[in-house]
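Working through the structure, step by step
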Amino acid sequence: MSATLRWNRLVIAAESEEEFISAVFDYFPQLLQLPYDRVEMDITGTAEISEDAFRSIAIKLIGGEAAEKKVLIRIPPSVDRYFRHANLYRMVEVDVVQPLAGNGKMDAAKVKANIKGSKYEAVKAAKPIQSDMTEMAPPAALAPEAPDLAPEPAKKTKPTRASRPVEKASKAEVGYMVDVESGTRHEIRKTMMIGREPPSDLVFQIPTISKRHFQIRKEGDAFMIEDMRSTNGTYLNGLPVHEPVPLRDGDEIVVAITLKHPKGARIFQFTTKPE
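On the basis of which strands lie adjacent, the open sheet formed by 6 strands has the order E8-E7-E17-E16-E13-E14 and antiparallel pairing. Only two strands of the sheet have a single neighbouring strand rather than two, namely strand E8 (185–188) and strand E14 (239–240). As judged from the 4 bridges shared by strand E7 (residues 175–179) and E8, these two strands associate in the antiparallel manner. By the bridge assignment, Val-178 is partnered in E8 with Arg-185.

The mixed open sheet is built from 5 strands, whose spatial order is E10-E9-E11-E12-E15. A strand with exactly one partner marks an edge of an open sheet, and here the two such strands are strand E10 (202–203) and strand E15 (245–246). In the sheet, strand E11 (residues 214–219) pairs with strand E12 (residues 222–227) via 6 bridges, with the strands oriented antiparallel. Among the inter-strand pairings, Lys-218 is bridged to a residue of E12, identified as Phe-223.

Here we come to the pattern of salt bridges. Taken as a whole and judged by the stated rule, the model has 12 salt bridges. One salt bridge in this structure joins Glu-51 and Arg-55, with 4.0 Å as the shortest N-O distance. One end of the pair, Glu-51, and the other, Arg-55, are both in helix H2 (residues 51–62), 4 residues apart, so they sit about a helical turn from each other. Classification of Glu-51 as buried rests on a relative accessible area of 16%. Its salt-bridge partner being Asp-179, residue Arg-266 comes within 3.1 Å of it at the nearest N-O pair. Placement of Arg-266 in strand E17 (residues 266–271) and of Asp-179 in strand E7 is noted, with a sequence separation of 87 residues between them. A relative accessible area of 17% means that Arg-266 is categorised as buried. Asp-179 gets classed as buried once you look at its relative accessible area, which sits at 2%. One salt-bridge network, in which partners are shared between bridges, spans Arg-9, Glu-40, Asp-42, Arg-74 and Asp-95.

Between its first and last C-alpha atoms helix H1 (residues 17–33) spans 25 Å; for 17 residues at 1.5 Å apiece the expected length is 24 Å, and the two agree. Taking the largest bend as the criterion, H1 deviates by roughly 30 degrees, centred on Tyr-27, and proline Pro-29 comes between one and four positions later. For H1, the complete set of buried residues consists of Glu-19, Phe-20, Ile-21, Ser-22, Ala-23, Val-24, Tyr-27, Phe-28, Leu-31 and Leu-32.

What follows concerns the packing of aromatic side chains. For the structure on display, the rule yields 4 aromatic pairs. Between Phe-223 and Phe-270, the aromatic rings sit 5.6 Å apart at their centres with planes inclined by 55 degrees, giving tilted as the arrangement. Residue Phe-223 is located in strand E12, and its partner Phe-270 is located in strand E17; the two are separated by 47 residues in the primary sequence. Phe-270 carries the same exposure label as Phe-223, and that label is buried. Counting every residue linked through ring pairs, the aromatic cluster contains Phe-204, Phe-214 and Phe-268. Above the plane of the ring of Trp-7 lies Arg-6, whose end atom (NZ or CZ) is 4.9 Å from the centre. Across from the ring centre of Tyr-176, 4.5 Å away, lies the NZ or CZ of Arg-185, which sits over that ring.

Here we take up the pairing of strand E5 (residues 93–96). Side chains Glu-93 and Asp-95 of E5 all project onto a buried face; the interleaved residues Val-94 and Val-96 project onto the opposite face, where all are buried too. The pairing of strand E4 (residues 70–75) with E5 spans 4 bridges and is parallel. Within E5, the residue paired with Arg-74 across the bridge is Asp-95.

Attention now moves to the side chain of Asp-227. One can find Asp-227 in strand E12. One buried charged residue, Asp-227, remains without a salt bridge, the closest side chain of opposite sign being Arg-229 at 7.6 Å. Reaching out from Asp-227, the side chain makes a polar contact with the side chain of Thr-234 at a distance of 2.6 Å.

Its place among the elements puts Gln-215 in strand E11. Residue class for Gln-215 comes out buried when judged on its relative accessible area of 12%. Apart from the residues lying within four places of it in its own chain, the contact partners of Gln-215 are Thr-191, Met-192, Met-193, Met-224, Ile-225, Glu-226 and Met-228.

Bringing the confidence of the model for the protein into the picture now. When pLDDT is averaged across the protein, the result is 75; 71% of the residues are at 70 or more. Least confident of the elements in the protein is strand E6 (residues 119–120), whose mean pLDDT is 36; most confident is strand E9 (residues 191–195), at 96. Segment residues 110–167: pLDDT under 50, and 101 contacts once partners within four positions in sequence are set aside and those in other chains are kept.

Parameters and conventions
- Chains are numbered independently. Their residues run from 1 in the order of the written sequence.
- Note on the predicted model: pLDDT of at least 70 is required for a residue's local features to be given, and 80 or more for side-chain atom pairs to be given and counted; whole-chain, interface and lining totals, by contrast, use all residues.
- The side-chain quantities take in all heavy atoms of the structure and omit both hydrogens and water.
- Here, strands pair whenever DSSP counts at least two bridges between them.
- The numbering of helices and of strands both runs from the N terminus, where a helix is a DSSP run of H or I of at least 4 residues and a strand a run of E of at least 2.
- Definition used for salt bridges: Asp or Glu carboxyl oxygen within 4 Å of a side-chain nitrogen of Lys or Arg.
- The cut-offs for exposure are 20% and 50% of the maximum accessible area for each residue type, with area from a 1.4 Å probe on protein chains only; residues under the lower value are buried, those over the upper are exposed, and the others partly exposed.
- Here the expected span of a helix is defined as 1.5 Å times the quantity of residues minus one.
- Here the bend at a residue means the angle between the axes of two seven-residue stretches, the one that ends at it and the one that starts at it.
- Stacked, tilted and edge-to-face are the three classes applied to pairs of Phe, Tyr and Trp rings, where Trp contributes its six-membered ring and a pair requires centres within 6.5 Å; stacked means planes under 30 degrees apart, edge-to-face means over 60, and tilted covers the rest.
- Definition used: whenever NZ (Lys) or CZ (Arg) falls within 6 Å of the ring centre and also within 35 degrees of the ring normal, the charge is taken to sit over that ring.
- In this tally Asp and Glu are treated as negative and Lys and Arg as positive; neither His nor the chain ends contributes.
- As used in this structure description, the phrase polar contact means that two N or O atoms lie within 3.5 Å; if the pair is within protein, one of them must be able to donate a hydrogen and the other to accept it, and residues adjacent in sequence are counted only when both atoms belong to side chains.
- For this analysis, residues touch if any pair of their heavy atoms sits within 4.5 Å.
- A residue's pLDDT is the predictor's confidence in that residue, given on a scale from 0 to 100.

Encoded structure:
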């Protein structure tokens, strides 16, 4: 079985990325609906997860669905870099679980090397989450009705986003940023700054957009996007931008996700293809 849900804990042990993405979308909402303030998701049984598959988790967390819960996610070391890059340790507690060696013991050197920064505590959490929440009994009032939720295996569906190499940027002499709402194309040859007021090159007088929100600049024959320490953030394909990131054709850029603008104050698409 690729996923099991019992009490306040979801365990995903998928054999493929398709199965993993499907399990996250099918079962994570059910986990959040359970009557517990603290919930746990364990994905250590799915060791090989690409960045595209990881986005299925990030989008769920960034979308605010888990805002009312304290969430602990147990992950394999191979996924740790994605959590660091996406800065998700600010939203949930992350526990990097080291695999046991063949003799059943952990490699002390590897554990020591991974101690620093391997476990983060959510800023919003007032109390630490118990180390093994599956042993925590449900509240007495709920005990008679607490079912053993073991849904049928997630149906295999194709990922909502096609997998593609994350390290290769689109290369071209000219780039274009397309405003999804208006369809307007903005040409980029060297640098373009987007913000709420001049001297930004592209101005949107929307309060949730910062004066200098983000910029796209050309480096060699590729284009990079960089958030300019904006108040409400810049998101690339659902992940927050915390450092310069190369752009690829079809990338979606969302500006300022807030309660007033839950889908973003503005949405753009990057392309190097002329009309």
